[in-house]
Every structure is written in C-alpha cells, then in structure tokens.
Amino acid sequence: MTHEEYKKIITDAIENEEESYSFYRDVAKKTKDKNISAIFENLAKEELSHKAMLQDYLKDTGKKLKFDLTADYKVAESVDKPKLSVDMKPADAIALAMKKEEEAMDMYKEFAAISTDKEQKEAFLSLAVMEQGHKTKLEDLYVGTAFPEVW
C-alpha cells in the first residue's frame, strides 16, 4: 500500500467522523430527553476532535504518516454501509451509531498496529479508546431504548 492510498483511507475516516458528528448533533437536537441529548452532544464534540487529529496527518506541515506499507487494515469490509438518518426509529439509530463506533474503533486499532512511529501509534490507540468509550455509551443507551423492560 502506498502513502497516497493511506491518505485516501484517512480522508475517508475524516468523512466518517464528519458524518457521525452531523448525525449525533441532529439526534441531540431532535430528542426530547435531555440526558440522551447531552450524550449525543458530547459524542458530536468528540467526533470533531477526532476529525481535527486526523486532518493533522494530511497537512503538509502536520504530522507525517508512518505506516508499514505491507499491512492490510481491511477497511473495505465497511464500505457499502447505508447513510445515517435521523428519521430512523431511535433504537435502530442507536444500533447503527453503535456499529459505526465499533468499526471506527477497529479501524484505529488497525492503524495503530501498522504505525511505525510511536507518537502516531499512540494517537491511533487513543482514538480507538475514545471510540470504544462512545460504543459503550451507545450500548448502554441501546439496551435501555431497545429493551425498556430491563429498566
């Protein structure tokens, strides 16, 4: 894999962060539950910080990508995924958001695994941990929404 191909993957990751930001922001505005709204507002803010970190790797003056160019990070498996929509049922929207966070977490773990620079590896591991935190929040929310009888 070439650096240009890795840059394309980072660009796609930035787009995913933007998409997640928009979705979380819209859900936060749409929901009537203040606690759920606050959770989604915080998730939206965190997605913007992830986007900024990734953008640093694409800037000529920013951090340089240092990957093992022989690695396969298997991002293609997540390609034909439907666009997020705030018109979904709440449980379905949360489930889709939860799956997106899981995919982002896995992708950042793969990026960390193939990083040859310690600082870059730590940055991607940090992103993976943040995405895992998002996933956990959404899983808790999903259980309460999809299975209200467990409350």
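Here we summarise the structure given alongside this text. (Residues numbered from 1 in each chain as written. Predicted model: local features only at pLDDT ≥ 70, side-chain atom pairs only at ≥ 80, totals over all residues. Heavy atoms only, no water.)

**Section: the nonpolar core**
Keep this limit in mind: Put simply, buried Ala, Val, Leu, Ile, Met, Phe, Trp, Tyr and Cys residues joined by side-chain atoms within 4.5 Å make one nonpolar core. Classification of residues uses two cut-offs on accessible area relative to the type maximum, computed with a 1.4 Å probe and protein chains only: under 20% is buried, over 50% is exposed, and between them is partly exposed. Each helix is a run of H or I in the DSSP string that is no shorter than four residues. Each strand is a run of E no shorter than two, and both are numbered from the N terminus.
With 18 residues, the main nonpolar core has Ile10, Leu54, Tyr108, Phe111 and Phe124 as its most contacted residues. Of all the secondary structure elements, the ones that give two or more residues to this core are helix 1 (3–30), helix 2 (34–58), helix 3 (90–114) and helix 4 (118–146). If one sorts the elements of this core by residue count, helix 3 sits on top with 7 residues. By size, the runner-up hydrophobic cluster in this structure holds 15 residues, among which are Val27, Leu43, Ala97 and Met98.

**Overview of the environment of Lys99**
What counts is decided by this rule: For this analysis, a polar contact is any N or O atom pair within 3.5 Å, provided that within protein one partner can donate a hydrogen and the other can accept it, and provided that sequence-adjacent residues contribute only side-chain to side-chain pairs.
Residue placement: Lys99 occurs in helix 3. Separated by 39 residues in the primary sequence, Lys99 and Leu138 have C-alpha atoms spaced 9.3 Å apart. Separated by 2.6 Å, the side chains of Lys99 and Glu102 make a polar contact.

**Concerning helix 2**
Going by this rule: Helix span is expected to be 1.5 Å times the residue number reduced by one.
Taking 1.5 Å per residue as the helical rise, helix 2 with its 25 residues ought to reach 36 Å, and the 37 Å between its terminal C-alpha atoms agrees with that figure. Turning to helix 2, its buried residues are Ile36, Ser37, Phe40, Leu43, Ala44, Glu47, His50, Lys51, Leu54 and Tyr57. The distance from a side-chain oxygen at the start of helix 2 to the backbone nitrogen of Asn35 is 2.8 Å, and the residue carrying that oxygen is Asp33.

**A word on the layout of surface pockets**
Which parts of space are left empty comes out when a probe the size of a water molecule is rolled across the atoms. Put simply, the test is: Grid spacing is 1 Å over the protein atoms alone, the probe is 1.4 Å, and a cavity is where that probe fits but cannot get out, while a pocket is an open set with protein on both sides within 12 Å along at least five of seven lines and lining residues have an atom within 4 Å of a point. Grid points are joined across faces, edges and corners, and a volume is the space filled by probe spheres set on the points.
Volume-wise, the second largest pocket comes out at about 220 Å³. Lining the second largest pocket we find 11 residues, and of these Val27, Lys30, Thr31, Pro90 and Ala93 sit closest to its centre. Among the elements of the structure, helix 1, helix 2 and helix 3 are those that each provide at least two residues to the lining of the second largest pocket. With 3 residues, helix 3 is the single largest residue contributor to the lining of the second largest pocket.

**What to know about the pattern of salt bridges**
Put simply, the test is: Only one rule defines a salt bridge in this text: a Lys or Arg side-chain nitrogen within 4 Å of an Asp or Glu carboxyl oxygen.
On inspection of all chains with the given rule, the structure shows 8 salt bridges. Lys137 is paired through a salt bridge with Glu46; the nearest N and O atoms lie 4.0 Å apart. A residue pair is termed long-range when its members are at least 10 positions apart, and Lys137 in helix 4 and Glu46 in helix 2 qualify at 91 residues. Among the residues examined, Glu46 registers a relative accessible area of 26% and is labelled partly exposed. Between Asp56 and Lys59 there is a salt bridge, and its shortest N-O distance comes to 3.6 Å. Of the residues examined, Lys59 reaches a relative accessible area of 45% and is grouped as partly exposed.

Geometry only, nothing functional implied.
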